[in-house]
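Inside the fold
Residue-level listing of the chains:
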Amino acid sequence: MRLAFLGPPGAGKGTQAELFARRYGFAHISTGEILRDGVRGGTPLGSKARGYMDGGELVPDEIVVGIVAEKLEGIDGGFVLDGFPRTVEQAEALNGILRGRNGSLDAVIYFDVDEDTVVRRLSGRRVCGKCGWNYHVENMPPKREGVCDRCGGEVHQRDDDRPEVVRERLRVYQRETAPLIDYYKRKGLLERVAGDPPPEEVQEEVRRLFADRLGSRR
Ligand code: AMP
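Residues numbered from 1 in each chain as written. Predicted model: local features only at pLDDT ≥ 70, side-chain atom pairs only at ≥ 80, totals over all residues. Heavy atoms only, no water.

1. With respect to the pattern of salt bridges
- Going through the model one piece at a time under the given rule, you end up with 17 salt bridges.
- Salt-bridge contacts for Asp-161 lead to Arg-125; the nearest nitrogen and oxygen are separated by 2.8 Å. Pair noted here: Asp-161 is in the loop between strand S7 (155-156) and helix H7 (163-177) and Arg-125 is in strand S5 (residues 125-128), with a separation of 36 residues, a long-range link.
- Classification of Arg-125 by relative accessible area gives buried; the value is 11%.
- When the shortest N-O distance is used, the salt bridge between Arg-158 and Asp-160 registers 2.9 Å.
- Note on Asp-160: relative accessible area 11%, which makes it buried. (Salt bridge = Lys/Arg side-chain N within 4 Å of Asp/Glu carboxyl O. Helix = DSSP H or I, 4+ residues; strand = E, 2+ residues; numbered from the N terminus. Buried < 20%, exposed > 50% of the residue type's maximum accessible area, 1.4 Å probe, protein only.)

Here is the structure:
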């Protein structure tokens, strides 16, 4: 299956994409993770992207489209795009890339959450700098403070989860990304999932959507 996960920052796209992709053996492509890796590693991509990310702005379309095109080239089976597309231009570019491989998206899952939830989640979110796993200071802290349960990496707050950057990211989401909800609705691809419940419940809901098509794969 070829899926894209859509929603505001803090909707839980990353957690859901990781769980879903792992369970069904799909590739998980997170443009945010790829860009953060670039920033951490001081690569040319990272230095181009850093200023935009620190300010809560979108990285230019041609850069992220290039990343996704390259990633998809190496993938034969199913995939979950997490945080891409984020603009109508990116969505159009994705159509072109997939058309070139005689394919298209099967569905776009929109994680619908209210703004209070988003702000609460992002302000308490902590991430592992090594494996990227997410925690939350109140609901899901690591067993040992500051240390990732999964890989022992260091758990910290993302620079762009600071309150002033969060506000800008939400504005950018409304302006640039929210129009994709209607865009994919018109194409008959949009599936809405309530993103407010705890992650396990949301995951169950996502699985239910595809139970017919994925049931035998567990
Ligand atoms: P995320 O981890 O998905 O919240 O992404 C973190 C940051 O990476 C965003 O605030 C953007 O600056 C950048 N980014 C990630 N995905 C995209 C995208 N599809 N288009 C533009 N910028 C992106």
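Resuming the write-up.
2. Topic: the site of the ligand
- Close contacts around the ligand come from 16 residues, with Thr-31, Arg-36, Glu-57, Gly-83 and Gln-90 the closest.
- At 2.9 Å from an oxygen atom of the ligand is found a side-chain nitrogen or oxygen belonging to Arg-36.
- Between the ligand and Gln-90, the relevant distance is 2.9 Å, taken from a nitrogen atom to a side-chain nitrogen or oxygen of the residue.
- Protein chains shield 96% of the accessible area of the ligand, which is 480 Å² for the free molecule. (Near = heavy atom within 4 Å. Polar contact = N/O pair within 3.5 Å; in protein donor to acceptor, adjacent residues only side chain to side chain. Areas by Shrake-Rupley, 256 points an atom, 1.4 Å probe, with all protein chains shown as cover.)

3. As for the sheet that holds strand S4 (residues 107-112)
- Strand order in the open sheet formed by 5 strands is S2-S3-S1-S4-S8, and the pairing between neighbours is parallel. Where the open sheet ends on each side, the last strands, each with one partner, are strand S2 (27-30) and strand S8 (190-194). Ignoring strand direction, the axes of neighbouring strands in this sheet form an average angle of 20°.
- Summarising the sheet, S2 and strand S3 (residues 79-82) pair through 4 bridges and their orientation is parallel. Residue His-28 lies in a different strand from S3, and its bridge partner there is Val-80.
- Lying over the sheet, helix H2 (residues 31-41) contacts S2 and S3, oriented at roughly 65° with respect to S2. (Pairing = 2+ DSSP bridges. Axes fitted to C-alpha atoms, helices over the stretch in contact; angles between N-to-C directions. Contact = heavy atoms within 4.5 Å.)

4. What about the nonpolar core?
- With 33 residues, the main nonpolar core has Leu-72, Phe-79, Leu-81, Leu-94, Leu-105, Val-108 and Tyr-184 as its most contacted residues.
- For this core, the secondary structure elements donating two or more residues are strand S1 (2-6), H2, helix H3 (44-54), helix H4 (61-73), S3, helix H5 (88-99), S4 and helix H8 (179-186).
- For this core, the element with the most residues is H4, which contributes 6 residues.
- In this structure, Ala-17, Phe-111, Val-118 and Val-166 belong to the second largest nonpolar core, which totals 23 residues. (Core = buried A, V, L, I, M, F, W, Y, C linked by side-chain atoms within 4.5 Å.)

5. Focus on the environment of Ala-194
- Here Ala-194 is to be found in strand S8.
- Distance from Ala-194 to Arg-86, taken between C-alpha atoms, is 19 Å for residues 108 residues apart in sequence.
- Setting aside residues up to four positions removed in sequence, Ala-194 forms contacts with Asp-112 and Val-202.

6. Here's the deal with the packing of H5 against H8
- Where H5 meets H8, the closest approach of the two axes is 10 Å, and the angle between their N-to-C directions is 35°. Along its contact with H5, which presents Val-88, Ala-91, Glu-92, Leu-94 and Asn-95, the element H8 presents Pro-179, Leu-180, Tyr-183 and Tyr-184.
- Residues that form the contact of H5 with H8 fall into these classes: 7 nonpolar, 1 polar and 1 charged. (Nonpolar A, V, L, I, M, F, W, Y, C, P; charged D, E, K, R; others polar.)

7. Here we look at the sheet that holds strand S6 (residues 134-136)
- Strand order in this open sheet of 3 strands is S6-S5-S7, and the pairing throughout is antiparallel. Among the strands making up the open sheet, the edge pair consists of S6 and S7.
- Sheet topology note: the S5/S7 ladder contains 2 bridges and is antiparallel. Note on S7: the bridge partner recorded for Cys-128 is Val-155.

8. What about the environment of Asp-61?
- Mapping Asp-61 onto the fold places it in helix H4.
- Along the chain, Asp-61 and Arg-86 lie 25 residues apart, while their C-alpha atoms are 8.8 Å from each other.
- Apart from the residues within four sequence positions on either side, Asp-61 is in contact with Thr-87, Glu-89 and Gln-90.

9. So, the pairing of S1
- The element S1 is extensively covered by neighbouring structure, given that 4 of its 5 residues are classed as buried.
- The sheet contact formed by S1 and S3 spans 4 bridges and is parallel. Bridge assignment links Leu-3 to a residue of S3, and that residue is Val-80.
- As defined by bridge partners, S1 adjoins S4 across 4 bridges and the pair is classed as parallel. Note on S4: the bridge partner recorded for Leu-6 is Tyr-110.

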